[in-house]
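What the coordinates show
Here is what each chain is made of, one letter per residue.
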Amino acid sequence: MHESVVTLQELIDDDRSISRAMNAQLEHAAAQGVTLLNTVYLEEQVRMRTKRSDLLDGLIEEYAEADRLGDSAASACKLVMIQLAAARIIETRNAHAGNGLE
């Protein structure tokens, strides 16, 4: 598997882990009868991360299928999309970290 695919899969796994932690936080607060000030934000983050992870998983599957079938043009195109997606996620995380948001 190409290095970029592995990187993107690790980013997807991180997103899913963060989503699980956010869900746990929301569930814990709800069980305690507490409404968090950032509930809407957390719910939207979980939704967005889950949707992005699902879409990117699909892209990885499409790349793997094109690669398996020997369709070099399609696999190259999917690989570029994977590289761009991984770069964008990393850039966003770095920007958020610089602003203290993540």
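Fair warning: this is a prediction, and the values are worked out from it, not measured in the lab. (Residues numbered from 1 in each chain as written. Predicted model: local features only at pLDDT ≥ 70, side-chain atom pairs only at ≥ 80, totals over all residues. Heavy atoms only, no water.)

**A word on the overall build of the chain**
Assigned secondary structure in the chain consists of three helices and zero strands. Mapped from its N terminus to its C terminus, the chain presents α and β elements in the order α-α-α. Along the first, second and third principal axes, the C-alpha atoms of the chain reach 55 × 30 × 15 Å. Out of the 102 residues belonging to the chain, those deemed buried represent 28%. Pairs at least 24 apart in sequence give 66% of the contacts found in the chain among residues at least 6 apart. For the chain, the computed accessible surface area is about 6700 Å², with 56% contributed by carbon and sulfur atoms. In the chain, 10 side chains carry a positive charge and 17 a negative one; their mean positions are 4 Å apart. (Helix = DSSP H or I, 4+ residues; strand = E, 2+ residues; numbered from the N terminus. Buried < 20%, exposed > 50% of the residue type's maximum accessible area, 1.4 Å probe, protein only. Contact = heavy atoms within 4.5 Å. Areas by Shrake-Rupley, 256 points an atom, 1.4 Å probe, with all protein chains shown as cover. Lys, Arg positive; Asp, Glu negative; His and termini not counted. Charge placed at Lys NZ, Arg CZ, Asp CG, Glu CD.)

**Section: helix α2 (residues 39–69)**
The terminal C-alpha atoms of α2, which comprises 31 residues, lie 45 Å apart, in line with the 45 Å expected from a rise of 1.5 Å per residue. Taken as a whole, α2 has its buried residues at Thr39, Leu42, Gln45, Val46, Arg49, Ser53, Leu56, Asp57, Leu59, Ile60, Tyr63 and Ala66. Of the surrounding elements, those touching the buried residues of α2 are α1 (3–31) and α3 (72–98). With its phi angle positive at about 75 degrees, Gly70 sits one or two positions after the end of α2. (Expected span 1.5 Å × (residues − 1).)

**Some words on the nonpolar core**
In terms of nonpolar packing, the biggest core is built from 13 residues, with Val5, Leu8, Leu56, Ile60 and Ile82 touching the most fellow members. With five residues, the top contributor of residues to this core is α3. Sequence-distant contacts of Ile60, that is, excluding residues within four places in its chain, are made with Val5, Leu8, Gln9, Ile12 and Ile82. (Core = buried A, V, L, I, M, F, W, Y, C linked by side-chain atoms within 4.5 Å.)

**Some points on the confidence of the model for the chain**
The share of residues in the chain with pLDDT of 70 or more is 97%, and the mean pLDDT across the chain is 92. The weakest mean pLDDT in the chain belongs to α3 at 93; the strongest belongs to α2 at 95. (pLDDT = per-residue confidence, 0-100.)

**With respect to the pattern of salt bridges**
Working definition: two side chains of opposite charge can pair if their charged atoms are close together. Summed over all chains, the structure comprises 10 salt bridges. Arg52 is the salt-bridge partner of Asp15, the closest N and O atoms lying 2.5 Å from each other. Placement of the pair is Asp15 in helix α1 and Arg52 in helix α2, with a sequence separation of 37 residues. By relative accessible area, Asp15 is classed as buried at 2%. For Arg47, the salt bridge is made with Glu44, and the minimal N-O distance between the two is 2.5 Å. Remark: Glu44 and Arg47 occur in helix α2; sequence separation between them is three residues, near one turn of the helix. Here Arg47 falls in the partly exposed class, since its relative accessible area comes to 44%. We classify Glu44 as partly exposed; its relative accessible area is 38%. Linked through salt bridges whose partners overlap, the residues forming this network are Asp14, Asp15, Arg49, Arg52 and Arg93. (Salt bridge = Lys/Arg side-chain N within 4 Å of Asp/Glu carboxyl O.)

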